[in-house]
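Commentary on secondary and tertiary structure
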Amino acid sequence: MIRTNYHSHTTCCDGRNTAEEMAAAAWNAGLLAYGFSGHCYAQHNLDFCMTPESTRQYVAAVHTLQENYRGRMEIYLGVEAELHGEAPTFDRDYTIGSAHEVPVDGGYLSVDHTEEILRRGVAEHFGGDWYAMTRRYFTEMARILDVTGCDFIGHYDLPTKFNEAGRCFDESDRRYRDTALEVLEHLCRQGGVFEINTGAMSRGYRTAPYPSEPLLRAIQAFGGAIVISSDAHSADAITAYFDQAAQLALHCGFRTHRVLLGGRWQEVAIEP
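Now for a description of the structure that goes with this document.

1. So, the packing of aromatic side chains
Centre distance and the angle of the planes are the two values used to describe a pair of aromatic rings. Considering all chains together, one arrives at 17 aromatic pairs under this definition. Taking the centre distance of 6.2 Å and the plane angle of 90 degrees together, the rings of Y94 and W265 count as edge-to-face. Here W265 lies in strand β11 (residues 264–269) and Y94 lies in strand β4 (residues 94–98), a separation of 171 residues in the sequence. Note on W265: relative accessible area 23%, which makes it partly exposed. Ring centres of F152 and W265 lie 6.0 Å apart, and the angle between their planes is 80 degrees; this geometry places the pair in the edge-to-face category. With F152 in strand β7 (residues 152–153) and W265 in strand β11, this pair connects stretches of sequence that are 113 residues apart. What makes F152 buried here is its relative accessible area of 0%. Here the aromatic cluster, defined as three or more aromatic residues joined through ring pairs, consists of W130, Y131, Y137, F138, Y156, F169, Y176 and F194. When the ring centre of Y69 is taken as origin, the NZ or CZ atom of R72, which lies over that ring, is 4.4 Å away. In this structure, K161 packs its charged tip against the face of Y205, placed 4.4 Å from the ring centre.

Printed below as a string of structure tokens:
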């Protein structure tokens, strides 16, 4: 049973519930530790990111909850740092490093906002070549540890969000696979930790977690570590599909996952 979650969002960014509601749901789910990870400020994109004002509200709310749950459930203040956003400026317990966009023609194309936006962007900026888009995405991801200094990497293969059953491109094609694996190996050699993320499942976009099974097998082969998280944007998704994520991890050869308990990251067994 997975009893921790470190990827969640509140109404301070693009979540549907307050920090208080999310913490209560985590407590009711029996979690030992729960982490908040609001999207860091990115001036060019306020669709899902915190503003300076909401960041202050977010930090204050989590600090209050840490006191309220002291001795009952460990609560951690984290942030989801954006590869193309401003660096977080507040003290925090951990950082998730993510990229939700690819740079295009002096701007950015979101890879996970809507399928329509992504399809239009691939047509406009990449001449309809999905593999050119994914190659640029993974090339950018190669910098994620250097730029964010993150404790773990969020949804590594995010451009597959709308690719259920391969309706946009073939994930087994070498034009996709080779770059994804090359960057994956590079990040593992840097000590990168990757999350198994069930967020797109709870929101109805995917039937399996990020990363895909072939990429998870590669992480295991490269000696990488994993964190299991739900990327919850609502109180009813705190532990969504954790059983499936745990079974996938075991199937891919992992026997432990990384957790933040007692103020330090440690490896604990994944229970079948």
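On we go.
2. So, the state of the cysteines
In the structure shown here, the tally under the stated rule is zero disulfides. Note on C12: no disulfide assigned, nearest cysteine sulfur contributed by C13 at a separation of 7.1 Å.

3. Side note on the pattern of salt bridges
Counted by the stated rule, this structure contains 13 salt bridges. The residue R56 makes a salt bridge to E53 at a minimum N-O spacing of 2.8 Å. Of this pair, R56 and E53 both sit in helix α2 (residues 52–68), three residues apart, roughly one helical turn. Taking relative accessible area as the criterion, E53 reaches 40% and is therefore assigned partly exposed. Sharing partners across several salt bridges, the network here consists of E115, R119 and R167.

4. Here's the deal with the layout of surface pockets
Reported here for the largest pocket is a volume of approximately 460 Å³. Lining the largest pocket are 24 residues, with D14, D112, K161, R203 and H233 positioned closest to its centre. Split by residue class, the lining of the largest pocket holds six nonpolar, nine polar and nine charged.

Cut-offs used in this document
Residues numbered from 1 in each chain as written. Predicted model: local features only at pLDDT ≥ 70, side-chain atom pairs only at ≥ 80, totals over all residues. Heavy atoms only, no water. Phe/Tyr/Trp six-rings, centres within 6.5 Å; stacked < 30°, edge-to-face > 60°. Helix = DSSP H or I, 4+ residues; strand = E, 2+ residues; numbered from the N terminus. Buried < 20%, exposed > 50% of the residue type's maximum accessible area, 1.4 Å probe, protein only. Lys NZ or Arg CZ within 6 Å of the ring centre and 35° of its normal. Disulfide = S-S within 2.5 Å. Salt bridge = Lys/Arg side-chain N within 4 Å of Asp/Glu carboxyl O. 1 Å grid on protein atoms, 1.4 Å probe; cavity = no way out; pocket = protein on both sides within 12 Å on 5 of 7 lines; lining within 4 Å. Points joined across faces, edges and corners; volume = space filled by probe spheres on them. Nonpolar A, V, L, I, M, F, W, Y, C, P; charged D, E, K, R; others polar.

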